[in-house]
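# Topology and contacts: notes
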Number of protein chains: 2
Amino acid sequence: MRKSGESGQGDAKRGSIGARRNPATEAAILDAAEAIVAEKGIAGLSMEAVARRARAGKATLYRWWPTRGALLMAAYERQKQIGAYPDTGSLEGDVEAVLRLLFAHWGRPEGSIFRHIIAAAQGDPDLADALERYRQERLDSLATVIARAEARGELSGEVPARDMARAVMGMAWLHLLVGRLDADAAGMARTLVRGWVT
Amino acid sequence: MRKSGESGQGDAKRGSIGARRNPATEAAILDAAEAIVAEKGIAGLSMEAVARRARAGKATLYRWWPTRGALLMAAYERQKQIGAYPDTGSLEGDVEAVLRLLFAHWGRPEGSIFRHIIAAAQGDPDLADALERYRQERLDSLATVIARAEARGELSGEVPARDMARAVMGMAWLHLLVGRLDADAAGMARTLVRGWVT
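Residues and elements named next belong to chain A. Mapped onto the fold, Val95 is located in helix α5 (residues 91-107). The class of Val95 is buried, set by a relative accessible area of 3%. Taking C-alpha positions, Val95 is 5.6 Å from Ala189, a pair spaced 94 residues apart along the chain. Those residues in contact with Val95 that sit more than four places away from it in its chain are Val168, Ala189 and Val193.

Have a look at this one:
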């Protein structure tokens, strides 16, 4: 947490600076962050502006999200809602499904922000940290897809699960960043998975 | 070309607007672009500023590089100079060498600009076009590594060469964009290549 000495000002403020999150306040803050990004882009997002719009105390914001980057990632994550990856019965099918879900999400207005988050992270260490934490969570999530393949007895065992997850993520990010979300997900899945299964 | 009606102003200008490039003028322009990016970052690069610093006509700049994005990519490409990828005797070794060369280059001051080029391209269509042209050239270059493996009889033939090149590039860009240029290139090469060779 960067700032802890501040407190809410005036009766109109929501919530409290208590450690337990108030769901209504949390939703109001994330709504405000989302609306500001939609109106002004990532560069327009400041803790100050979010607090004002959500009628929340800045101390509350900083307590729950220590940096602007962490708040931005939380807002992105809330609207992502891809849920669990489908079980198609094979690793190749599962990886194809992951890529299709990601490309569909990133192609929607609320998902298109992710390329700008990656871009802004290149010059913003706080956002880079928040993105890295999020990326590690997504690698964990991809590892569940790999674990399913292992349970099916599909894997050769020669390649670590984490490395497979990285390869899938690399293929996905590359196509996001060059605006090729219409690319061939099935071909990508085949390219990646052939060496991992027996 | 965006502008063609301009001509050099005054005797101090270098070069001409002829179709043949004057190597000294080209070098002066790319030097100027590189110096401006080093001093002010990508956002500080304008055709106007480059022309002034290089004492070249703006028409010359636009004739040789139709957009600011194209000029920026040309400056990046000139200083990259990785040359041909080494032949290590196996596809896995070659892919590892490619990743090592890229990570070493991107880790140097003059190479670190590439992550910012990718970032800036997310909000700049001209730069995105120039980056995409460059990316296709790099995929061609990676295809020569794959062709070498084919000539050795290493490949199973099940995965198209272009898809392999994309997977290698995706792994590389991912690690650039999250600042993990110290990651395990040998493990990545193994992860990627296992399914492509017999």
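All names here are of chain A. Relative to the 18 Å expected for 13 residues at 1.5 Å per residue, helix α4 (residues 68-80) spans 19 Å between its end C-alpha atoms, a close match to the ideal helical length. For α4, the tally of buried residues reaches 10 of 13 residues, placing the bulk of the element in the interior. Along α4, the positions that sit buried rather than exposed are Gly69, Ala70, Leu71, Leu72, Met73, Ala74, Ala75, Tyr76, Gln79 and Lys80. Where α4 is buried, its residues touch α1 (23-40), α2 (47-54), α3 (58-64), α5, α6 (113-121) and α7 (125-151).

Glancing now at the relation of the copies chain A and chain B. Rotating chain A by 180° and translating it 0.0 Å along the rotation axis places it on chain B, where the RMSD comes to 0.0 Å. Here the symmetry operator amounts to a two-fold rotation axis. For chain A, the smallest separation between a C-alpha atom and the rotation axis is recorded for Gly195 of chain A, amounting to 1.4 Å. Taken together, the interface assignments show that 100% of the residues at the interface of chain A recur at the interface of chain B, consistent with an identical surface on both copies.

A word on the nonpolar core. In globular proteins that are soluble, nonpolar side chains generally tend to be buried together. Phe114 and Ile117 of chain A together with Phe114, Ile117 and Trp173 of chain B are the most contacted members of the largest nonpolar core, which has 138 residues in total. Apart from residues lying up to four places away in sequence, Ile117 of chain A is in contact with Ile42, Leu72, Met73, Tyr76, Leu127 and Leu131 of chain A.

The interface of chain A with chain B comprises 31 residues on the first partner and 31 residues on the second. Summed over both sides, the interface of chain A with chain B buries roughly 2,600 Å², with 59% coming from carbon and sulfur. Contact with chain B buries area across many residues of chain A, yet Gln122, Leu174 and Thr191 of chain A alone supply 24% of it, more than any other trio. Along the contact surface separating chain A from chain B lie four salt bridges. The partner of Glu158 of chain B in a salt bridge is Arg194 of chain A, with the nearest N and O atoms 2.2 Å apart. On inspection of chain A and its partner chain B, the count reaches 10 residue pairs in polar contact (both at pLDDT 80 or more). Every element with two or more residues in the side of chain A that touches chain B is listed here: α6, α7, α8 (161-177) and α9 (185-193) of chain A. A per-element tally of the side of chain A that touches chain B places α8 of chain A first, with 12 residues.

Analysis parameters
Residues numbered from 1 in each chain as written. Chains lettered and ligands numbered in written order. Predicted model: local features only at pLDDT ≥ 70, side-chain atom pairs only at ≥ 80, totals over all residues. Heavy atoms only, no water. Helix = DSSP H or I, 4+ residues; strand = E, 2+ residues; numbered from the N terminus. Buried < 20%, exposed > 50% of the residue type's maximum accessible area, 1.4 Å probe, protein only. Contact = heavy atoms within 4.5 Å. Expected span 1.5 Å × (residues − 1). Least-squares fit on C-alpha atoms with pLDDT ≥ 70 in both. Core = buried A, V, L, I, M, F, W, Y, C linked by side-chain atoms within 4.5 Å. Buried area = accessible area lost by both parts, 1.4 Å probe. Salt bridge = Lys/Arg side-chain N within 4 Å of Asp/Glu carboxyl O. Polar contact = N/O pair within 3.5 Å; in protein donor to acceptor, adjacent residues only side chain to side chain.

Just distances and angles here, no functional claims.
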